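# Observations on chain architecture
This is what each chain is made of:
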Amino acid sequence: MASAMTAYIAVVLTTIILLFTVTHSSTLGVEYVSRLLQVQDRERAPSSVQISAARAVLDRLIPSHSPSFDFQIITKEHCGGVSCFSISNHPSSNVQGAPEILIRGVTGVELLSGVHWYLKNLCGAHISWDKTGGSQLSSVPKPGSLPRMQDDGLLIQRPVPWNYYQNAVTSSYTFAWWDWKRWEKEIDWMALQGINMPLAFTGQEAIWQKVFQKFNISSSDLDDFFGGPAFLAWSRMANLHGWGGPLPQSWLDQQLVMQKKILARMYELGMTPVLPAFSGNVPAALKNVYPSAKITRLGNWFTVDSNPKWCCTYLLDATDPLFIEIGKAFISQQVKEYGRSSHIYNCDTFDENTPPTDDPNYISSLAAAIFKGMQSGDDEAVWLMQGWLFAYDPYWRPPQMQALLHAVPIGKMIVLDLFAEVKPIWTSSDQFYGVPYIWCMLHNFAGNVEMYGVLDSLGSGPVDARISNNSTMVGVGMSMEGIEQNPVVYDLMSEMAFQHKKINVKTWLDSYSSRRYGKFVPLVQEAWNILYHTLYNCTDGAYDKNRDVIVAFPDVDPSFLSRKSFLNKKNQLKDTDEAFDKPHLWYSTSEVIRALQLFIEGGNELSESNTFRYDLVDLTRQALAKYANDLFVDVIEAYESKYSDGVVFLSEKFLELVDDMDMLLGCHEGFLLGPWLESSKQLAINREQEKQYEWNARTQITMWFDNTDKEASLLRDYGNKYWSGLLRDYYGPRAAIYFKYLKESLAKGNGFNLKSWRKEWIKLTNEWQDGKYVYPIKSEGDALNTSRWLFNKYLRDSAIISDH
C-alpha cells in the first residue's frame, strides 16, 4: 500500500509542479502600494521571532516531524523582489538525526506556506479545520524517510503581495465565542494557508469605550450602542444598536486581552493584520454632548416595525470637524494599546446604508474626510474597504463609484472585490477606476451549511484579473461570512495565492480526495468527479443563501407553494412578486445521489478517516435536504387536492426525515449545536451572563432579529444551520405546527390560518431562544452505517430520486 501511495504521489507531484511557475509578474496596483509594502517590510518582527513562531506552529501541527525541517528567513531580493518561499533538501540531510528539508521564506507565513506545500504535494497530506475533519497527516512518511526534493529544489513566488482573509461579519457568525485556544488554531491555519492579511476586529468595543470617554460619553451611554456578543458585526456597521446587549464590562476586558494575543501572534508570523477605523457610527448620547454636530439618524435596517430601540442608528457626517477628531482618537488609541499597527484600516461607512444624496461632490467630500480621520492618527494609513456595496446597492453608479474611489490618493485605498467568483466588479468598473483591489471569494453567507462552490471560477478568475490589461489587482482573498464548511473550496482558493497560471480543476481534484482521506479509493474519486460538475459547478449567478425548507420554512399561505414556483431551477432568487425565498437548486439531484452511493460503497476503506466521515455526513445531508424540499411540495399538493390522508402520511414522513437527519448530523462533531451554545456560556463570569450569551447564540441561528408576537423577524433563518439538536428541537417542531394547521384547514373546510400558524411558531421560537437544555458537544453514532441506512430508506428508489 505504501509503495502504491508513493508512486501515486510522484505522478501527482509531476503534474502539480507544472502548475506552479517561478517567473515574477507585477501589476499597476502593486506599483501603487509599493510605499506601503516597503514600510511593512521594514517594520516586520525580527527574523528570529518569526522563525520561532513558525517552529511553534509546526510543533503543534505535527510535532513528530518538527526536527525534520529547518527554517531560514530571506529577503525579497533572494526572491526576485517579491515574497516567496523555497524548498530544498537540507545540506545535512544525509546525516542521521539532522533536518531533512530546508525551507526558506521572506516571513514566517512564507515558511509555513512552504511546509504546507511540501506536506500537501510530496506527502499527500491535507490541512483543514477541526470541524471539517481536521488534518490528514497519516500519509506523511516517518521522520528520516521524508521525500527528497529534485535537483536544486523549488522556488514559489507570490504573484501578488497579499492573501486576505475574513469578512466584517465573520467575527459574529463564526468567531463570536472563541477562546485563545481556538484563535491560536485559526492563526496557525491562516499561516499554513499563506494568509498574510487578516482582519483583526476582536476587542474594538473596549477601545471605543476609552475613546468615547474622551468625548464625554459614559460607559452607561454605550449600553444602548453596542450590540450583544453575537451581533457586534452589525452594531459596528451601524445597521443596529443595542440588540442582544448590553455588553458587560467583563466582556470588553476579556476581548481586549484576546485581541492583544491575536495581534502579537500575527505580528510574530509576519502578517499584516487589518484594524478597524471610524466609520461615523456614534452613540445617541453624542447628540446631547455636541448638539451642533451634523448627526443624522439612518433608516430602518430589517426591524419588523422600525423599532427605534434597535434600529435607525446615528451617523456623524464625515464633513463635520468632530469626525476627524474621533477618527484620529480611535486610530491613536489602538496604536497606544497594541504598540504598533500595519497601517491598513478597514472602514465600511456605506455598507447597506445608502447615502442621503447621490451628488458625487458630496460623496467625494465624505470619503476624503473619512480618510483624513485615519491619516490624522497614522501618517502611513491605507483605507481598506469592502466592495460589497457596489454589488448590493444600485445607488452606486459609475459617477458615485468614481467619486468615492478617487477621493483618496491612489495607493491609499484598497477595495475588496468581495464577490468576485460570482459577480466581479473589476470587469465592469475599469479595474475599480484605477484603484488597487483584492480579488475575493465570498462563497458563504451566514455560515449556512450547504455543499456549494464555483471551483472553475476560483481556478481561473484570480489569474484572469491579474493578467488583464492595466490590472490594479494586489491580492487574492477569502471573504466568506462563515467558515468551517466546504473544505475543498478553501483548499483550492488558498492555493491561488501562489498560482501564476490557471488551474485545471479536474486535474487538481484527481489528487484532492487522496490527500484529504490519506488513501486513493477509485469509487470515491469517481464520486468527486460527479461533485465537481454538480455541487461545485454553480454557474447560475445566484448567491447561495440556504433556503431549504427544513432550515428556512416558508412563512406563507400554502397557495403560494406550487411545485413549479417552489422548485424552479432557472430562477432561484426571490422575485419582487413572490412571498418567499426559493430553495437554491443548480444541479441534478440524481447525479449527486449517485455520488453519495459511490461514497457509501467505497466507505469501508475509509471509515476510520475523520475527514471522510465529515464529507459523508455532509453529502448525505445535502441529498436528504433536497429530497425534503420535494417531500414538502408533495404535502402541499396533497393539501391542495384536499387529500387528508395524504397530508397526514406525507407530513409524518417529513417529520420523521427531520429526526433521522438530526441523528445523522449527530455522527460528526462538525454538525453539532452543542459546541456553539456551550462555547458562548464558557465566556460568562456569572449566571446572568450565561443566560444573555446563550440567548445571543440561540437567537442568531433562528429568528436573528426582533419580532412581535404576531410578526416574525425579517431576517428569520438568515443564520440557519444544519446542526444536530436544532433539527430535532426547533426545525421539526416548527414544521409540525404548520402541518397541524394544514390538517385543521382540511378538517374544518376553512382556509389556512396563517395568523395562528405564525403566532404559534413565533411562540415556539421565543421559548426555544430562552431554553436551558444542554446539547451534546461530542458526536455519537456510526456515520457510515447511518448514511447507508438513510440512503436505503429514502434515496434508493428511482421514483423518489427522479429530478423535478
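Data block above holds the structure.
Treat the numbers as computed from the prediction; the structure is a model and nothing was measured.

Turning next to the overall build of the chain. Along its length, the chain carries 30 helices and 15 strands. Projected onto its principal axes, the C-alpha positions of the chain cover 85 × 75 × 55 Å. Sequence-distant contacts, at least 24 apart, represent 78% of the contacts inside the chain between residues at least 6 apart. Element-wise, carbon and sulfur atoms account for 52% of the exposed surface of the chain, whose accessible area totals about 28400 Å².

Bringing the packing of aromatic side chains into the picture now. Using the criterion set out here, one finds 66 aromatic pairs in the structure. With a centroid separation of 4.9 Å and an interplanar angle of 80 degrees, the aromatic rings of Tyr 395 and Trp 396 are classed as edge-to-face. When sorted by exposure, Tyr 395 lands in the same class as Trp 396, which is buried. Of the aromatic side chains, those joined through ring pairs into one cluster are Tyr 173, Phe 231, Trp 234, Trp 243, Trp 301, Phe 302, Trp 310, Trp 695, Trp 704, Phe 705 and Tyr 718. The residue whose ring lies beneath Arg 340 is Tyr 267, and the NZ or CZ to ring-centre distance is 3.9 Å. It is Arg 621 that lies over the ring of Tyr 722; its NZ or CZ is 5.0 Å from the centre.

Applying the stated rule across the entire model yields 2 disulfides. Across the disulfide from Cys 79 sits Cys 84; the S-S distance is 1.9 Å. Between Cys 79 and Cys 84 the disulfide shows an S-S torsion of about -50 degrees. By sign, it is left-handed. According to the relative accessible area criterion, Cys 84 is buried, its value standing at 0%. Here Cys 311 connects covalently by a disulfide to Cys 312, the sulfurs 2.3 Å from one another. Looking along the S-S bond of the Cys 311-Cys 312 disulfide, the torsion reads about -65 degrees, which is the left-handed sense. For Cys 311, a relative accessible area of 0% translates into the label buried. What makes Cys 312 buried here is its relative accessible area of 13%.

Looking now at the pattern of salt bridges. Side-chain pairs of opposite charge can arise whenever the charged atoms involved come near each other. Per the counting criterion, the structure on display carries 37 salt bridges. Measuring nitrogen to oxygen at the nearest pair gives 2.6 Å for the salt bridge that ties Lys 210 to Glu 337. Taken together, the residues span a long stretch of sequence, with Lys 210 in helix 8 (residues 204-213) and Glu 337 in helix 12 (residues 321-338) at a distance of 127 residues. Overall, the relative accessible area of 17% leaves Glu 337 in the buried class. Note that Lys 793 is salt-bridged to Asp 660, the shortest N-O span being 2.7 Å. Residue Lys 793 is found in helix 29 (residues 783-795), and its partner Asp 660 is found in helix 24 (residues 644-665); the two are separated by 133 residues along the sequence. For Asp 660, a relative accessible area of 9% translates into the label buried. A cluster of three or more residues bridged by salt bridges with shared partners is formed by Arg 60, Glu 184, Asp 188, Arg 265 and Glu 268.

This paragraph deals with the pairing of strand 12 (residues 382-386). Of all 5 residues in strand 12, 5 are buried, a share of seventy percent or more. Residues Val 382, Leu 384 and Gln 386 of strand 12 are buried on one face, and the alternating residues Trp 383 and Met 385, pointing to the opposite face, are buried as well. Note: strand 12 against strand 13 (residues 413-417), 4 bridges, orientation parallel. By the bridge assignment, Trp 383 is partnered in strand 13 with Met 413.

Read across the sheet, 4 strands follow the order 1-3-2-4 without closing on themselves; strand pairing throughout is mixed. Strand pairing shows two members of the sheet lacking a second neighbour, strand 1 (69-73) and strand 4 (154-157), which therefore form its edges. On average, adjacent strands in this sheet sit at an angle of 15 degrees to one another, irrespective of strand direction. Bridge count between strand 1 and strand 3 (residues 101-105): 5 bridges; the pairing is parallel. The residue of strand 3 that forms the bridge with Phe 69 is Ile 101. Across the sheet, helix 5 (residues 108-121) is in contact with strand 1, strand 2 (84-89), strand 3 and strand 4; its angle to strand 2 comes to roughly 50 degrees.

This brings us to the packing of helix 7 (residues 180-192) against helix 10 (residues 249-268). In contact at an axis separation of 11 Å, helix 7 and helix 10 are set at 25 degrees when each is read in the N-to-C sense. When the interaxial angle is binned, helix 7 and helix 10 end up roughly parallel. For the element pair helix 7 and helix 10, the recorded crossing hand is right-handed. Counted together, Trp 180, Trp 183, Glu 184, Ile 187 and Met 190 of helix 7 and Met 258, Lys 261, Ile 262, Arg 265 and Met 266 of helix 10 form the full contact between these two elements.

Looking now at helix 17 (residues 455-467). The end-to-end C-alpha separation of helix 17 is 19 Å, in line with the 18 Å expected for 13 residues at 1.5 Å each. In helix 17, a bend of some 30 degrees at Gly 461 exceeds every other bend along the element, and Pro 462, a proline, comes one to four places later. Three or more residues of helix 17 are buried, namely Leu 455, Ser 457, Leu 458, Gly 459, Gly 461, Pro 462, Val 463, Ala 465 and Arg 466. On its buried face, helix 17 sits against helix 16 (430-434), strand 14 (437-441), strand 15 (473-478), helix 18 (487-495), helix 19 (505-517) and helix 20 (522-532).

Before going further, it helps to examine the side chain of His 126. One can find His 126 in the loop between helix 5 and strand 4. Look at His 126 and you get buried, because its relative accessible area is 1%. Among the polar contacts listed, one links the side chain of His 126 to the side chain of Asp 491, at a separation of 3.5 Å. Polar side-chain contacts of His 126 include one of 3.1 Å to the side chain of Arg 516. If we ignore the near neighbours within four places in the chain, the residues touching His 126 are Gly 134, Ser 135, Gln 136, Pro 487, Asp 491, Tyr 512, Arg 515 and Arg 516.

Turning next to the nonpolar core. Ranked by internal contacts, the top residues of the largest apolar core, which has 278 residues, are Trp 383 and Phe 390. In terms of residue count, the dominant contributor to this core is helix 23 (residues 610-640) (17 residues). Setting aside residues up to four positions removed in sequence, Trp 383 forms contacts with Tyr 345, Cys 347, Ala 367, Ile 370, Phe 371, Met 374, Leu 404, Val 408, Lys 412, Met 413 and Ile 414.

Our next topic: the side chain of Ser 86. Positionally, Ser 86 belongs in strand 2. Among residues more than four places away in sequence, those in contact with Ser 86 are Leu 102, Ile 103, Arg 104, Leu 154 and Leu 155.

Taken together, 3 strands build an open sheet; the order of strands is 8-10-9 and the sheet is antiparallel. One side of each edge strand has no neighbouring strand; the edge strands of this open sheet are strand 8 (281-282) and strand 9 (295-297). Relative to strand 10 (residues 314-316), strand 9 is paired through 3 bridges, and the arrangement is antiparallel. Residue pairing for strand 10: Arg 297 is matched across the bridge by Tyr 314.

Turning next to helix 24. Given a rise of 1.5 Å per residue, 22 residues ought to cover 32 Å, and the 32 Å separating the end C-alpha atoms of helix 24 matches this to within 8%. Taken together, the buried positions of helix 24 are Gly 646, Val 647, Leu 650, Ser 651, Phe 654, Leu 657, Val 658, Asp 660, Met 661, Asp 662, Leu 664 and Leu 665. In this structure, the buried residues of helix 24 make contact with helix 23, helix 27 (726-748) and helix 29.

Conventions used here
- All chains use their own residue numbering, which begins from 1 and follows the written sequence.
- Residues qualify for local features only when their pLDDT is at least 70, as the model is predicted, and side-chain atom pairs are given and counted only at 80 or more; totals for whole chains, interfaces and linings, by contrast, use all residues.
- Side-chain metrics in this entry use all non-hydrogen atoms of the structure; hydrogen atoms and water are not considered.
- Going along the chain from the N terminus, every DSSP run of H or I of four or more residues is numbered as a helix, and every run of E of two or more is numbered as a strand.
- Whether two residues are in contact is decided by their heavy atoms, any of which lying within 4.5 Å being enough.
- The Shrake-Rupley method, run with a 1.4 Å probe, gives the accessible areas here. Residue values count only the displayed protein chains as cover.
- Two aromatic rings from Phe, Tyr or Trp, using only the six-membered ring of Trp, form a pair when their centres are within 6.5 Å; if the ring planes differ by under 30 degrees the pair is stacked, by over 60 it is edge-to-face, and anything between is tilted.
- For every residue, the accessible area obtained with a 1.4 Å probe (protein chains only) is divided by the maximum for its type, and the residue is called buried under 20%, exposed over 50%, and partly exposed between those limits.
- Criterion for a charge above a ring: Arg CZ or Lys NZ at most 6 Å from the ring centre, at most 35 degrees from the ring normal.
- In plain terms, two cysteine sulfur atoms within 2.5 Å form what is called a disulfide here.
- When a carboxyl oxygen of Asp or Glu is within 4 Å of a side-chain nitrogen of Lys or Arg, the pair counts as a salt bridge.
- Here, a strand pair is defined by DSSP locating no fewer than two bridges between the strands.
- Between N-to-C directions, angles cover 0 to 180 degrees, with each direction set by a line fitted to C-alpha atoms, over the stretch in contact for helices.
- The scheme is simple: roughly parallel for angles under 35 degrees, roughly antiparallel for over 145, roughly perpendicular for 65 to 115, oblique for anything else.
- Two helices crossing with the near one rotated counterclockwise from the far one by less than a right angle form a left-handed crossing, whereas a clockwise rotation gives a right-handed crossing.
- In a helix, the anticipated span is given by 1.5 Å times the number of residues less one.
- Bend, in this description, refers to the angle at a residue between axes fitted to the seven residues ending there and the seven starting there.
- Polar contacts here mean pairs of N or O atoms no more than 3.5 Å apart (in protein, one a potential hydrogen donor and the other a potential acceptor; neighbouring residues in sequence count only if both atoms are side-chain atoms).
- Put simply, a nonpolar core is a bunch of buried Ala, Val, Leu, Ile, Met, Phe, Trp, Tyr and Cys residues held in one set by side-chain atoms that sit within 4.5 Å of each other.

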